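Per-entry structural report
What follows is the residue order along each chain.
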Amino acid sequence: MFVLQDVSLQFGGRYLLDDVAWQVREADRVALIGGNGVGKSTLMKIIAGQLTPDAGNVSAPKGSTFGYLPQDGITFEGRSLMDEVRSVFAEILNTEKELRALEERLASVDESDPDYENLLKRYGSLQENFRARDGFRIDAEISRVLGGLGFSQQDHEKACEKFSGGWQMRIALAKLLLRRPSLLLLDEPTNHLDLEARDWMKEYLSDYPSAIVLVSHDRFFLDEVVKRCTELFGGKLTDYHGNFSFYEKERDRRYEVLLEQKRRQDEEIEKIERFIERFRYKATKATQVQSRVKQLEKIERIVIPPPPPEVRFSFPDPPRSGKLVMELNEIHKSYGDNHVLRGVDFSLERGERIALVGVNGAGKSTLMRIMAEQEEFQGERTLGYKVDLGFFAQDQRSVLDPSHTVLQSIESVCPIDMVPRLRSLLGCFLFRGDDVYKKVAVLSGGERSRLALARMLLQPYNLLLLDEPTNHLDIVAQKVLLNALQSFAGTIVFVSHDRHFIEQLATSVVEVQDGVARRFSGTYQDYIYEKIKLGETVGEADGVRWTTVHETDEAIDQLPMPTNASTKEATPADNEREARRRSYAEQQQLQREFTKRKRYLEKQIGSLEAALEEQEEQVASYEEQMADPSFYDDFEKASEVTQTYQALKGKVEQDYASWESLQEDLLLLLEEDPSAS
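Presented here is a report on the structure given in the accompanying data block. (Residues numbered from 1 in each chain as written. Predicted model: local features only at pLDDT ≥ 70, side-chain atom pairs only at ≥ 80, totals over all residues. Heavy atoms only, no water.)

1. Comments concerning the overall build of the protein
This is how the line gets drawn: The way it works is that DSSP assigns letters per residue, a run of H or I at least four long becomes a helix, a run of E at least two long becomes a strand, and they are numbered from the N terminus. Only protein chains enter the accessibility calculation, which uses a 1.4 Å probe. A residue is then buried if its area is under 20% of the maximum for its type, exposed if over 50%, and partly exposed in between. It only takes one pair of heavy atoms within 4.5 Å for two residues to be counted as in contact. Accessible surface is estimated by sampling points in the Shrake-Rupley manner with a 1.4 Å probe; for residues, cover comes only from the protein chains shown.
Each helix and strand in the protein was counted, giving 20 helices and 20 strands. Here the protein, with 677 residues, has 43% of them falling under the buried criterion. Pairs at least 24 residues apart make up 66% of the contacts formed inside the protein by residues separated by at least 6 positions. Looking at the protein as shown, the accessible area adds up to about 36,600 Å², and 48% of this sits on carbon and sulfur atoms.

Here's what the structure looks like:
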């Protein structure tokens, strides 16, 4: 268990952490939640020992190890990718090196030599140690992790300095995962990962044997990975025992409860104050008045924290375009021998919201640049009637004037009717307070990207091409952007690795793969379902891991029709197709029942864990009272508290037994997972 004890830290005259007490248990999956600048990264650095608090300390079990991944700033050079990652296992590799040296010596030493037996014992001891630490699986595990994070086999011998900044962070993440520290601290680990790598990462972390604390702005990732959310607000930490969706609902519920408690307290205070005011000068009521005054002084006033500001943004009304917005015919694009796009045909109609998906390097950004006519290509690109195009690229920040302040830069493109709301909009894009007076020249890369996106969205385009618009935005800013795009009257084509963003916005999906663009109608979930039906490998659908599925409904429907169809008699082909259809339907039903049962057990376990934590806190409170020497001065009260304590202890034991039973049921259920067969 990792424990923060009375930790405080001030920065710029305000408390980022104010007398914080917090703990992370073994195998916890915790998300730190909070707006930009509240101190999440600072807290992680304190836990990792990279920053010393003004007061308090962090304690951990003896022998514990910490692994911290910052948001950026890590680079590697001087070694190949494989050598750099293998350095994590330096101690085991030294053992392997000594084993090889001993093998050579044993081969050259006669069995009658006095040193032979000692060498043999040493060799046996080292070999057992090497085997116990999985030394024989090192290269296989490295290949698995590198492959999951998107590195190809050809990348293994590539020099680290040849990888870009995002891939450098993937190298750092790979080394950290392979080290397997007792507490894994991840600050925005998905920032540089595509959808496939995020899916792999989600599964890897779900099976991680030790504790994890992470910060992420990817809602889908948080919902799938974490079991506890801890909100940092006003220097205090508040725990919510559930995933991010649970946190949002529970936070709102607690806020409503607090409002109701505040209302009742205000009514009680008003009642007491009226009594005091009414009888203040009556001698016969002096005792009661004094009693009410003391009662009033003892009341701990409930303070309602300000609700998060509701920032809404709407686009300027764009001119209406023609029905056909854009058409691409036989688009080819190559970089030397690398043929990125091969004869892509693509049409776009007014009002569509299309997500481009595909692995990193498949050509999504290239296709976007071709659509924006910012890339040379072979083929034909036709723009529709009255189409006014706005393009946000990943390097769009380069078009900003470095001499302008943030406010000047945004004012130069802002419509007059938006000026009164400009500061709120900038706050949504994380430019708050004096940040608006910063020069563009001193902004970080992420800040410039946010500013470039805000500038583009203020202009009346009727076609938006957005390449990774949610990068560098926190969850609140993503929500504002998503709401605005959902109500946008024009047409949108976008690239994103944020699953929640795609699911909420896309009305069609275009998959770019092997130089070809394939269109799938419907939402992202519809796209996943179609991929499953086509028997193609996908990441996940409704929480269930799928691999290649052969001969699903659509494939079965494409089997040759029977030659004697006019007789309406079933042929062997008919029977085979019907049998396969029934088998597939039964498999789907089994999978749905499995998923439903699994979610029920997980919900019950989560509820019990929350109840047990509350009960354990109550037990600790009673034990603290009973440890007080004056506790038994009042025998009746002490007896009552002792009985309550014993009853509570019994309830805790009973709930732990129920929890263990549910855990056993879940383990048995997981062994019967239909998707594993």
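Anyway, onward from the coordinates.
2. A short note on the pairing of strand β6 (residues 183-187)
For the record, the criterion: Strands qualify as paired when DSSP identifies two bridges or more between them.
Within β6, five of the five residues are buried, leaving the element largely enclosed by the surrounding structure. Where burial is concerned, the two faces of β6 agree: the one with Leu183, Leu185 and Asp187 and the one with Leu184 and Leu186 are both buried. Here four bridges tie strand β5 (residues 66-69) to β6, and the two strands are oriented parallel to one another. Residue pairing across strands places glycine 67 opposite leucine 184, the latter belonging to β6.

3. Let's talk about unusual backbone geometry
Positive phi is not limited to glycine here, since aspartate 6 has a value of about 50 degrees. With respect to the helices and strands, aspartate 6 occurs in strand β1 (residues 2-11). With a phi close to 55 degrees, lysine 386 is a non-glycine residue in the positive phi region.

4. Details of the sheet that holds strand β16 (residues 491-495)
Rules: Think of each axis as a best-fit line through the C-alpha atoms, taken over the contacting stretch in the case of a helix, with angles from 0 to 180 degrees between the N-to-C directions.
Taken in spatial order, the six strands make up an open sheet running β14-β15-β16-β12-β17-β18, and their pairing is mixed. What marks the edges here is a single partner per strand, and that holds for β14 (389-392) and β18 (516-521). Looking at each pair of strands side by side, their axes are set apart by 15 degrees on average, direction ignored. Relative to β18, strand β17 (residues 508-513) is paired through six bridges, and the arrangement is antiparallel. Bridging across to β18, glutamine 513 finds its partner in valine 516.

5. Examining the pattern of salt bridges
Two side chains with opposite charge may pair up if their charged atoms get near one another. Keep this limit in mind: A side-chain nitrogen of Lys or Arg and a carboxyl oxygen of Asp or Glu constitute a salt bridge if their distance falls within 4 Å.
Following the criterion strictly, the structure yields 34 salt bridges and no others. With a shortest N-O distance of 3.5 Å, aspartate 252 and arginine 251 are connected by a salt bridge. Glutamate 511 is the salt-bridge partner of arginine 518, the closest N and O atoms lying 2.9 Å from each other. Relative accessible area serves as the criterion here: at 30%, arginine 518 is assigned to the partly exposed category. The class of glutamate 511 is buried, set by a relative accessible area of 4%. Within the structure, one salt-bridge network assembled from shared partners comprises Glu260, Arg263, Arg264 and Glu267.

6. Details of a negative patch on the surface
Stated precisely, the cut-off is as follows: Surface patches are drawn from residues lacking salt bridges whose relative accessible area is over 30%; two like charges belong together within 9 Å, two nonpolar side chains (Val, Leu, Ile, Met, Phe, Trp, Tyr) within 5 Å. A positive count includes Lys and Arg, and a negative count includes Asp and Glu. His and the chain ends are not counted in either. Here the site of a charge means atom NZ of a Lys, CZ of an Arg, CG of an Asp or CD of a Glu.
On the surface, a cluster of negative charge is contributed by Glu624, Asp628, Asp633, Asp634, Glu636 and Glu640. The residue aspartate 634 is located in the loop between α19 (572-627) and α20 (635-671) in this model. Its relative accessible area of 42% is what places aspartate 634 among the partly exposed residues.

7. Some words on the packing of helix α6 (residues 165-179) against helix α7 (residues 195-206)
Our working rule: Reported orientations rely on four angle classes, namely roughly parallel under 35 degrees, roughly antiparallel over 145, roughly perpendicular from 65 to 115, and oblique for the rest. Crossing chirality is assigned from the near helix's rotation relative to the far helix, an anticlockwise turn below a right angle marking it left-handed and a clockwise turn marking it right-handed. The residue classification treats Ala, Val, Leu, Ile, Met, Phe, Trp, Tyr, Cys and Pro as nonpolar and Asp, Glu, Lys and Arg as charged. All others, Gly included, are polar.
Close contact between α6 and α7 brings their axes to 13 Å; oriented N to C, the two are set at 20 degrees. As judged from the angle between their axes, α6 and α7 are roughly parallel. As for how α6 packs across α7, the hand of that crossing is left-handed. Of the residues in α7, those in contact with Arg170, Leu173 and Leu177 of α6 are Ala197, Trp200, Met201, Tyr204 and Leu205. Per-class residue counts for the contact of α6 with α7 are seven nonpolar, no polar and one charged.

8. A look at the sheet that holds strand β2 (residues 14-24)
One open sheet holds the three strands; their spatial order is β2-β1-β4, and the pairing between them is antiparallel. With partners counted over all chains shown, the strands left at the sheet margins are β2 and β4 (55-59), one partner each. Going across the sheet, the axis of each strand differs from the next one's by a mean of 20 degrees, ignoring polarity. Direction of pairing for β1 relative to β4: antiparallel, over a ladder of four bridges. Looking at β4, one finds that serine 8 is bridged to alanine 55.

9. Notes on the packing of helix α5 (residues 138-148) against α7
Taken N-terminus to C-terminus, the directions of α5 and α7 make an angle of 135 degrees; their axes are 8 Å apart at the nearest point. Taken together, the axes of α5 and α7 lie oblique to each other. Two secondary-structure elements touch here, α5 through Glu141, Arg144, Val145 and Gly148 and α7 through Ala197, Trp200 and Tyr204. Per-class residue counts for the contact of α5 with α7 are four nonpolar, one polar and two charged.

10. So, the packing of aromatic side chains
To be explicit about the condition: Side-chain rings of Phe, Tyr and Trp, where Trp is taken by its six-membered ring, are said to pair if the distance between their centres is within 6.5 Å; with planes under 30 degrees apart they count as stacked, over 60 as edge-to-face, and otherwise as tilted. Put simply, a charge is over a ring when the Lys NZ or the Arg CZ is close to the ring centre, within 6 Å, and near the line of the ring normal, within 35 degrees.
All told, the structure shown has 11 aromatic pairs when counted by the stated rule. Aromatic side chains tyrosine 524 and tyrosine 527 sit 5.4 Å apart centroid to centroid with 50 degrees between the ring planes, which places their arrangement in the tilted category. Of this pair, tyrosine 524 and tyrosine 527 both sit in helix α17 (residues 524-533), separated by three residues, roughly a single helical turn. Classification of tyrosine 527 by relative accessible area gives buried; the value is 8%. An aromatic cluster is present here, built from Phe151, Phe163 and Trp167 joined pairwise through their rings. Just above the ring of tyrosine 240 sits the side chain of arginine 254; from NZ or CZ to the centre is 4.0 Å. Its guanidinium or amino end placed over the ring of phenylalanine 275, arginine 292 lies 4.2 Å from that ring's centre, counting from NZ or CZ.

11. Examining the environment of leucine 184
Within the fold, leucine 184 resides in strand β6. Apart from the residues lying within four places of it in its own chain, the contact partners of leucine 184 are Gly67, Leu176, Leu177, Leu205, Tyr208, Ala211, Ile212 and Val213.

12. Here's the deal with the side chain of serine 496
Relative to the assigned elements, serine 496 resides in the loop between β16 and α16 (499-505). When near neighbours in sequence (up to four residues on either side) are disregarded, serine 496 contacts Leu195, Glu468, Thr470, Phe501 and Ile502.

13. A short note on the side chain of histidine 217
This is how it is decided: We call two N or O atoms a polar contact when they sit within 3.5 Å, provided that within protein one can donate a hydrogen and the other can accept it, with sequence-adjacent residues counted only if both atoms are side-chain atoms.
Relative to the elements of secondary structure, histidine 217 occurs in the loop between β7 (211-215) and α8 (219-225). Given a relative accessible area of 16%, histidine 217 falls into the buried group. Within the structure, the side chain of histidine 217 is placed 2.9 Å from the side chain of glutamate 188, a separation counted as a polar contact.

14. Quick look at the nonpolar core
Across soluble globular proteins, nonpolar side chains show a tendency to be buried alongside one another. Convention followed: For our purposes a nonpolar core is just a set of buried Ala, Val, Leu, Ile, Met, Phe, Trp, Tyr and Cys residues, chained together by side-chain atoms within 4.5 Å.
In this structure, Leu177, Leu186, Met201, Leu205 and Leu214 are the most contacted members of the largest nonpolar core, which totals 55 residues. Among the elements that take part in this core, α6 stands out by supplying eight residues, more than any other. Once residues lying within four places of it in the same chain are set aside, the contact partners of methionine 201 are Leu173, Leu177, Leu186, Pro189, Leu193 and Phe221. Leu195, Phe429, Leu466 and Ile532 belong to the second largest nonpolar core, which has 50 residues in total.

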